[in-house]
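Now for the letters of each chain:
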Amino acid sequence: MSTRPPVDDWASDFDHLDPRWIEDPYPIWDALRAQCPIAHTQRYRGVYFPSRFADVRAVAYDTEHFSSRRIMVRDTPPPRIPAPPITSDPPRHGPEKKLLLPAFTPDAIKRHEPRVRDICRALIDRFADGGGCDAAADYAQEIPVRAIAVMLGVPEEDGALFRRWIHEMLELGITDPAAAMRGLTASQRYFAAEMEKRRTEPRDDLITHLATAEIDGKPVDPDRLIAMMRLLLVAGIDTTWSAIGACFWHLAQHPEDRRRLVAEPQLIPTAVEEFLRAYAPVTMARDVVKETTINGCPFKPGEMVLLSFPAANRDPAMFPDADRVVIDRKENRHAAFGLGIHRCIGSNLARMEIAVALQEWLPRIPDFRLDPAATVTWSEGTVRGPRRLPLLFG
Amino acid sequence: MKVKVDSERCQGHARCAALAPELFALDAFGNAREVGDGTVPAALADKAYLAKANCPEFAIEVDDA
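Residues numbered from 1 in each chain as written. Chains lettered and ligands numbered in written order. Predicted model: local features only at pLDDT ≥ 70, side-chain atom pairs only at ≥ 80, totals over all residues. Heavy atoms only, no water.

Asker: Looking at this structure, how should I read the sheet that holds strand 10 (residues 304–308) of chain A?
Answerer: Across a sheet, strands are paired by hydrogen bonds formed along the backbone, either parallel or antiparallel in direction. All names here are of chain A. The strand order across the open sheet built from five strands is 1-2-10-7-3, with neighbouring strands paired in mixed fashion. Of all the strands in the sheet, just strand 1 (38–41) and strand 3 (66–67) have a single pairing partner and so form its edges. Where strand 1 meets strand 2 (residues 47–50), four bridges bridge the pair, whose relative direction is antiparallel. By the bridge assignment, Ala 39 is partnered in strand 2 with Phe 49. Across the face of the sheet, helix 4 (residues 53–61) comes into contact with strand 1, strand 2, strand 3, strand 7 (283–288) and strand 10 while running at roughly 120° to strand 10. (Pairing = 2+ DSSP bridges. Helix = DSSP H or I, 4+ residues; strand = E, 2+ residues; numbered from the N terminus. Contact = heavy atoms within 4.5 Å. Axes fitted to C-alpha atoms, helices over the stretch in contact; angles between N-to-C directions.)

Rendered as C-alpha cells:
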C-alpha cells in the first residue's frame, strides 16, 4: 500500500486508500464538493468520484449507463465474486431481490430483536465490570455476525468463520487476489453443505427459504443462491459493525449527546438516523458501460465510479449544518442505505441492530470516553468504520 | 389533505411507515403505500410532512389543497 505515490491533487488524482482519506475523508470531500464536484483519478484504471447528493443520486438511478456487475475498485481486474442482487442489473435484479425482501421487512426483522438484545447483553456482561473495552472489536464487531447467523439459522459461533472470509474477500482481497479466492471457496463449500442439510430437513430459517426458492415457478440455480448467501455476509457484517462503532466513537467524544440519549432513550431511533447520515459506512461502485454526461462531466466506458453515499450525506445543499451531528435532526433524507433499485436489503436489520446496541449499552455503561493512551484505527476500502476503538468507562 | 406514495419511486426504505404508521403501511416486500385513500386527519398533518421530508427517494406527495 505504501508503494502508491502520494496524492497532491484530490480533484484529478484522488486515492481512496490514501492514509489521509482513510483517517478523515470529510474535509477532502467538502473541498471537492465546492471545487470539483465530480473528481477523477487515473489510479485503479480510472475512477470518478461524485461528491454532491444530486450527482450521486443521478448515478444510482441510471442503471443503463452504470452497471453493478463490478462493485469493487481495484488495481487489477479482481476475481468476479457475484453477490446477487447487489451485483445484478435489470432485468435480473428485480426477481432476485424479491426473493430476499420478505425476510427483511421491519415486521420480519422484529422477530429477531429479542435474540439480538440477548446477544448485546451477553457481550456487555463480559466487559461491563472492567475499566474499559475495545468497543469495535469486543462489541460492534460481534453483534452483526451473530445476528446474521441467527437469520441464516446456523450456530452463532460460525460468526468467526464469516469474519475470516469477509476479511479475505474484502480487505486482504484489495491487494491479494489469492486471499479473495480463499474466502470465496470456503464460503461456497459452507453454504452448499448447509443448503443440502435443509433440503432433507427444512427449518424456519433463511437458508431453508432460499434452498426451496423459485423464480417464475422454476428452482433457482444453487450457485446463484450460494452467491446470495455470500451477499448477506459481505453486505451485512462489516457494514453494521462500522455503523455501530461510529456511534460509540461519536458518543465517546460528545458527552452532551451521550447524556441526552441516556436520559431520553426514546430519541435513539432519531439519533440512529443522524449517525447513519453523518457516518454512513458504505461507498458502492459502478462500472461505466455506456458513455454519458452527468452535471457536465463525461463518464467514459471501462472506468469505474465510486458511489459515495457518505459524501452525499454531507452535502450542505441537502442537509443544513451537514458537517454537524444533530442527534434530534427531524428532516433527514439521508442515503446511507443507497438510493434507487439497489437500496440496501438489510436496512431494517441494520437499524434494529444499531438501536438495540445503543439501548442495551447506555443504561449499563452511561459514561465512557476514548482511551487517551490508545489509538483509534479505521478500516481501509469502501466500508468505513472504527476497527480499534479503545474506551475507558466511568 | 392527502398523502400518496409513488410506487415507481418507492424502494422500501420504510421511513414513512416508521414515522407515520397511521398514514403509511408496508406490503410483503417492505414497499410503502398510503393507508386507505391517503386522507390525513388534521391531527396527523405534521406527521405527513415529516414522512415526506424523510423519504430518500422523494416518493411521497402531500396534497394539501
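Asker: Whenever I open this one, the environment of Ile 365 of chain A confuses me. Can you help?
Answerer: Residue and element names in this part refer to chain A. Tracing the backbone shows Ile 365 in the loop between helix 18 (347–364) and strand 11 (368–370). Spatially, the C-alpha atom of Ile 365 lies 12 Å from that of Ala 135, the residues being 230 residues apart in sequence. For Ile 365, the residues in contact, after removing those within four places along its chain, are Ile 124, Phe 127, Ala 128 and Phe 393.

Asker: Explanation requested: the confidence of the model for chain B in the structure shown.
Answerer: Interpretation of this model should avoid reading the predicted coordinates in detail wherever pLDDT is low. Residues at a pLDDT of 70 or more form 100% of chain B, whose mean pLDDT is 97. Interface confidence for the predicted complex, given as ipTM, is 0.98, next to a pTM of 0.96. (pLDDT = per-residue confidence, 0-100.)

Asker: Can you walk me through the sheet that holds strand 11 of chain A in this structure?
Answerer: Residues and elements named next belong to chain A. Spatial ordering of the open sheet is given by 4-14-11, a layout of three strands whose pairing is antiparallel. Two strands in the sheet have a free side with no partner beyond their single neighbour: strand 4 (132–134) and strand 11. Each adjacent strand pair in this sheet contributes to an overall mean axis angle of 25°, direction not counted. When strand 4 meets strand 14 (residues 390–393), the two strands line up antiparallel, connected through three bridges. Bridging from a neighbouring strand, Gly 132 pairs with Leu 392 of strand 14.

Asker: Before we go on, may I ask you to explain unusual backbone geometry in this structure?
Answerer: A negative phi holds for most residues other than glycine; trans holds for most peptide bonds. Each neighbour pair has its own omega, and for Pro 84 of chain A with Pro 85 of chain A the value is 5°, a cis peptide bond. For the bond running from Pro 90 of chain A to Pro 91 of chain A, omega is 5°, close enough to zero to count as cis. Along the chain, Pro 91 of chain A turns up in the loop between strand 3 and helix 5 (93–100). Positive phi is not limited to glycine here, since Tyr 44 of chain A has a value of about 55°. Turning to its location among the elements, Tyr 44 of chain A is positioned in the loop between strand 1 and strand 2. Although it is not a glycine, Ala 14 of chain B sits at a positive phi angle of roughly 70°. Mapping Ala 14 of chain B onto the fold places it in the loop between strand 1 (2–5) and helix 1 (15–19).

Asker: Please explain the side chain of Arg 277 of chain A as it appears in this structure.
Answerer: Residues and elements named next belong to chain A. Secondary-structure assignment places Arg 277 in helix 16 (residues 268–278). The exposure class assigned to Arg 277 is buried, which follows from its relative accessible area of 0%. Within the local environment of Arg 277, its side chain forms a polar contact with the side chain of Glu 274, the two groups lying 2.9 Å apart. Polar contacts involving the side chain of Arg 277 include one to the main-chain carbonyl oxygen of Asn 313, which spans 2.8 Å. (Buried < 20%, exposed > 50% of the residue type's maximum accessible area, 1.4 Å probe, protein only. Polar contact = N/O pair within 3.5 Å; in protein donor to acceptor, adjacent residues only side chain to side chain.)

Asker: Would you explain empty space enclosed by the protein in this entry?
Answerer: The probe, sized like a water molecule, is rolled over the atoms to show the empty space still left. Residue and element names in this part refer to chain A. Overall, the coordinates contain three cavities of 30 Å³ or more when judged by the stated rule. Here the largest cavity is characterised by a volume of approximately 800 Å³. In terms of lining residues, the largest cavity is bounded by 49 residues, among which Ile 86, Ala 235, Thr 239, Val 282 and Met 284 are the most central. Breaking the lining of the largest cavity down by element, the ones donating at least two residues are helix 5, helix 10 (159–171), helix 13 (222–236), helix 14 (238–253), strand 7 and helix 18. Among the elements that make up the lining of the largest cavity, the one with the highest residue count is helix 13 (five residues). Broken down by class, the residue content of the lining of the largest cavity amounts to 29 nonpolar, 12 polar and eight charged. Computed from the structure, the second largest cavity encloses a volume of approximately 140 Å³. Considering the residues around the second largest cavity, the lining is formed by 17 residues, among which Trp 21, Trp 29, Thr 283, Gly 381 and Arg 384 are closest to the centre. (1 Å grid on protein atoms, 1.4 Å probe; cavity = no way out; pocket = protein on both sides within 12 Å on 5 of 7 lines; lining within 4 Å. Points joined across faces, edges and corners; volume = space filled by probe spheres on them. Nonpolar A, V, L, I, M, F, W, Y, C, P; charged D, E, K, R; others polar.)

Asker: I keep staring at the interface of chain B and chain A and nothing clicks. Help me out?
Answerer: By convention, interface size is frequently given as the accessible area that disappears when the constituent parts associate. Counting from both sides, the interface comprises 19 residues of chain B and, opposite them, 22 residues of chain A. For the chain B and chain A pair, buried surface summed over both sides reaches about 1700 Å², with 52% attributable to carbon and sulfur atoms. The partner of Glu 273 of chain A in a salt bridge is Arg 15 of chain B, with the nearest N and O atoms 3.6 Å apart. At the junction of chain B with chain A, the criterion picks out nine residue pairs in polar contact (both at pLDDT 80 or more). Ranked by the residues each element gives to the side of chain B that touches chain A, the list is headed by helix 2 (residues 45–53) of chain B, at three residues. (Buried area = accessible area lost by both parts, 1.4 Å probe. Salt bridge = Lys/Arg side-chain N within 4 Å of Asp/Glu carboxyl O.)

Asker: Got a minute to help me understand the pattern of salt bridges in this structure?
Answerer: Once the charged atoms of two side chains with opposite charge are near each other, the side chains can pair. Within the structure shown, the criterion is met by 39 salt bridges over all chains. Its salt-bridge partner being Asp 6 of chain B, residue Arg 9 of chain B comes within 4.0 Å of it at the nearest N-O pair. Note on Arg 9 of chain B: relative accessible area 39%, which makes it partly exposed. Assessed through its relative accessible area of 27%, Asp 6 of chain B is described here as partly exposed. Counted as one network, the salt bridges with shared partners bring together Lys 110, Glu 113, Arg 117, Asp 118, Arg 121 and Glu 360 of chain A.

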